[in-house]
Amino acid sequence: MVNEVRVVLSIIQRHLRLILALISLGLFAGYAGSYLMTPIYQAVAQISLDPRRVAIAQPVNAQTQRRDEPLIDSGRADTEAETLKSESVLRAVVIQLDLQNNPEFTNPPKGLVARVKSLFSSSEPEQDEESRIPDTMTAVSKGLKVERVDKSYSFTITYESRDPELAARVANAFADVYIKKQLDAEYEVTRQAVSWLKMRTDQLSQQMLTAERAASEYQGQAKIARSDGKLVDEQQLQNLSLQLADATSQRAQAKARYDQVTRFSFESGGELSVTDAFQNSVISKLRTQYLDVLNKAGALASRYGETHAAVIKLRADAKAMEDSIRRELLRYKETYKNEYEVAASREESIRTNLDEQFRRATATGEAQVKLNAMEAQAKALRASYDAFMQRYNDALQRQSFPVSEARVIGAAVPPTAPAKPKRILFAAAGTLLGLIGGLGGAFVIELMYRRIHTRAEAEAASGVECLGYLPEIPKNGRLSKSGERRMPLDYVVRNPFTIAAETLRTVRTTIDSRNSPGGCPIVGVISCVPDEGKTTISSNLAFLLAQNDRRVLLIDGDMRNPSLSNAIAPTRNADTPDRDATPSSALTLVRRPDLPFDFIPALTSSRPEFANFQEANGGTRDSALVTGLESEYFRRLIEVARSQYDYVVVDLPPVVPLSDVRAVSSSITNFLLVLAYGKSEPNIVGDALESIPGIYEKLVGSVINMAEMKALPRYGERVTTYYSSKYFSH
């Protein structure tokens with residue numbers, strides 16, 4: 001992720017001028033476009049809905065219901081917002097303000113497309129006032145915007161127009177028309193309700209009277225009497241039931257007393273347990289005397305004995321008192337018997353009357369059921385009549401006192417400044433479009449015009465290490481045929497402390513590390529396409545390798561463009577051999593006092609080397625023109641050079657257009673790939689290298705030629721970090 005970000009930032013840095021230019025252009029275009037547009041004014045009116053305001057004109061139960069309603073009903077609020085924009089409100093506003101005759105709507109400004117269409121179409125007939133209303137409504141709706149304030153019953157009515165006064169009038173007209181239509185709708189609903197309720201109450205009144213009259217007539221026919229709202233038979237049946245219960249209770253009590261008196265024995269003294277005996281004054285007095293006599297008799301008997309005359313007399317008196325008590329108790333028994341018989345007779349009489357009354361009530365049960373149903377129907381009709389009459393009276397009061405839920409809380413005023421176009425937004429949009437265009441253009445350029453600029457890109461394209469940069473030449477250098485600044489052939493000798501010299505030293509070190517000591521590396525300098533600077537690099541590499549008394553042979557292998565031969569040995573007369581040709585090669589070396597290496601020019605039919613080589617092999621001077629390197633000839637040449645030199649540098653032709661490199665690749669031990677800064681294409685580099693069999697094993701690396709060192713930081717290459725001025729003169 002970090003690498004991708006760095007790549008993007010480097011792309012932006014490389015094309016920063018383009019991006020800034022497009023941003024400036026977009027900013028200018030945005031501002032210019034905002035000034036060319038017609039100013040639009042915006043007026044805002046505010047209204048509020050209060051559902052509880054109508055409670056003052058409603059009955060108490062309706063007021064309570066309104067208070068119990070949710071404070072905010074989003075569905076209802078959205079409905080009211082749509083009502084504000086409805087067609088009926090639009091038409092009312094248009095007619096009220098006579099907008100169908102307003103020039104802003106009858107003769108609106110035409111856009112470019114409309115103007116072009118008007119040139120090719122005949123003029124339309126003028127419309128009458130009524131036919132212009134729908135078009136005016138459509139135009140007004142385009143400038144209208146109704147918004148609900150979040151979580152409230154407040155609404156903003158915004159209208160846009162070229163005329164500020166018209167914008168305010170239209171916004172206020174929408175608020176007024178909406179409130180008026182709400183009042184009209186409320187009045188119409190109430191009027192319809194009053195009319196319907198009046199009709200319904202009349203119907204219920206007639207139905208109620210009919211039902212009550214029918215119930216009364218049936219009651220007379222069925223002879224059903226009532227008292228205090230209850231049936232007489234039911235009241236009598238209820239009274240007899242109560243009397244029967246009381247008689248039954250009295251009979252049970254009397255029988256209990258009689259059974260109790262009947263059960264005791266007069267000899268056992270059981271009379272003392274009779275309850276009524278304690279309440280009778282005679283019995284109480286006799287019992288008191290009886291006890292006193294017994295106590296006296298006991299006292300005398302204990303003193304004088306039972307045979308004493310006084311004791312015997314007292315015992316006789318006590319016996320007489322006891323007999324009197326028994327006679328009194330027998331009288332009680334007869335009384336209890338009579339009471340029991342009376343209670344039983346009364347119970348039987350009441351039970352007989354109750355049975356008779358029950359039979360009489362049962363006989364009228366069916367008539368009573370029918371009468372109850374008729375009375376229930378009459379009561380239901382009366383209840384409905386009362387309810388509808390109450391609603392009728394409430395609606396009648398509301399009809400005379402209409403109240404609207406809506407009210408204006410902020411009237412629209414003519415705006416003093418236009419709302420559109422917003423120049424800041426136009427400028428921001430133009431800037432944004434410029435930025436997008438600049439970034440898009442930068443990435444399109446990167447994708448469509450991919451060239452190698454950095455070591456990382458060179459390594460990705462070639463698959464081998466990039467050994468460094470060779471900067472473009474100083475200002476006093478010469479120009480090539482293609483207009484590019486080329487490095488002099490001996491640049492590294494005259495400028496040993498430059499980046500180019502250090503890069504070639506790295507190349508030399510890499511070559512030495514890949515070859516065994518004492519061997520002779522055959523270094524082929526190649527490029528993918530012409531004009532990538534391989535010739536100057538071949539020459540400078542030969543100069544660098546020739547230092548420290550190393551024996552170096554430089555061969556110009558580019559037969560079709562022998563620029564190296566033209567620079568070092570331009571003509572036959574310029575060949576200055578200071579020794580005879582090597583016996584085994586029949587070739588003459590070019591040696592100059594100012595060159596630390598030997599040089600073999602390009603093998604062409606115009607040079608003596610070709611003639612000597614042909615004669616040495618039995619050929620003639622008039623052989624066909626040499627158009628490329630011959631693999632056999634080059635192999636023999638390299639075999640001879642290996643035994644006499646420490647390094648052999650071959651300036652080979654471009655790989656893509658020619659086949660020479662493929663022909664002699666088996667004789668080359670080391671290849672050096674030259675890439676042109678901002679010119680070499682990655683896909684061409686990959687295809688070129690793959691076309692040479694076994695080149696990756698022999699490829700020591702690549703170098704980037706004619707590099708713009710000041711532009712490298714834009715590609716993410718921090719050259720100031722490792723190409724410090726402390727070490728390089730640049």
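Above this text is the structure in question.
The rules behind each value
Residues numbered from 1 in each chain as written. Predicted model: local features only at pLDDT ≥ 70, side-chain atom pairs only at ≥ 80, totals over all residues. Heavy atoms only, no water. Helix = DSSP H or I, 4+ residues; strand = E, 2+ residues; numbered from the N terminus. Buried < 20%, exposed > 50% of the residue type's maximum accessible area, 1.4 Å probe, protein only. Contact = heavy atoms within 4.5 Å. Areas by Shrake-Rupley, 256 points an atom, 1.4 Å probe, with all protein chains shown as cover. Pairing = 2+ DSSP bridges. Core = buried A, V, L, I, M, F, W, Y, C linked by side-chain atoms within 4.5 Å. Axes fitted to C-alpha atoms, helices over the stretch in contact; angles between N-to-C directions. Phe/Tyr/Trp six-rings, centres within 6.5 Å; stacked < 30°, edge-to-face > 60°. Lys NZ or Arg CZ within 6 Å of the ring centre and 35° of its normal.

J.: Just checking my understanding: could you explain the overall build of the protein for this structure?
T.: When helices and strands are counted, the protein shows 26 helices and 13 strands. Expressed as a percentage of its 730 residues, the buried residues of the protein come to 41%. In the protein, the share of contacts with a sequence separation of at least 24, taken over all contacts with a separation of at least 6, comes to 80%. Carbon and sulfur atoms provide 54% of the accessible area of the protein, an area that totals close to 41,100 Å².

J.: Mind showing me how you'd approach the pairing of strand β7 (residues 466-471) here?
T.: For a regular strand, the rule is simple: side chains alternate between the two faces of the sheet. The buried fraction of β7 is high, at 6 of 6 residues. By the bridge criterion, 5 bridges tie β7 to strand β13 (residues 699-707) in an arrangement that is parallel. Note on β13: the bridge partner recorded for G468 is V703.

J.: What's the story with the nonpolar core in this structure? I'm lost.
T.: Nonpolar side chains in soluble globular proteins generally cluster together in the buried interior. If you look at the biggest cluster of nonpolar residues, it comprises 47 residues, and the most contacted ones within it are V648 and L652. A total of 5 residues in this core trace back to one element, the largest contributor, which is helix α22 (residues 631-642). In this structure, A500, I568, F599 and V674 belong to the second largest nonpolar core, which totals 36 residues.

J.: Can you walk me through the sheet that holds strand β6 (residues 406-410) in this structure?
T.: By way of backbone hydrogen bonds, the strands of a sheet pair with one another, either parallel or antiparallel. The sheet built from 4 strands is open, its strands ordered β2-β3-β1-β6 with antiparallel pairing. Each edge of the sheet is formed by a strand with only one pairing partner; in this case those strands are β2 (144-148) and β6. Each adjacent strand pair in this sheet contributes to an overall mean axis angle of 30°, direction not counted. As paired strands, β2 and strand β3 (residues 154-161) are joined by 5 bridges and run antiparallel to one another.

J.: What's the story with the packing of aromatic side chains in this structure? I'm lost.
T.: By the definition in use, this model includes 2 aromatic pairs. Seen from their ring centres, W196 and F388 are 5.7 Å apart, and the 55° between their planes marks the pair as tilted. Separated by 192 residues along the polypeptide, W196 in helix α9 (residues 164-221) and F388 in helix α14 (residues 365-400) bring together distant segments of the chain. Classification of F388 as buried rests on a relative accessible area of 17%. Both rings, one in F543 and one in F597, keep their centres 4.9 Å apart while their planes meet at 80°; by these two values the pair is edge-to-face. A residue pair is termed long-range when its members are at least 10 positions apart, and F543 in helix α19 (residues 534-545) and F597 in the loop between α20 (563-568) and β10 (598-600) qualify at 54 residues. Judged by relative accessible area, F543 falls into the buried class, the value being 9%. The residue whose ring lies beneath R391 is F388, and the NZ or CZ to ring-centre distance is 5.6 Å.

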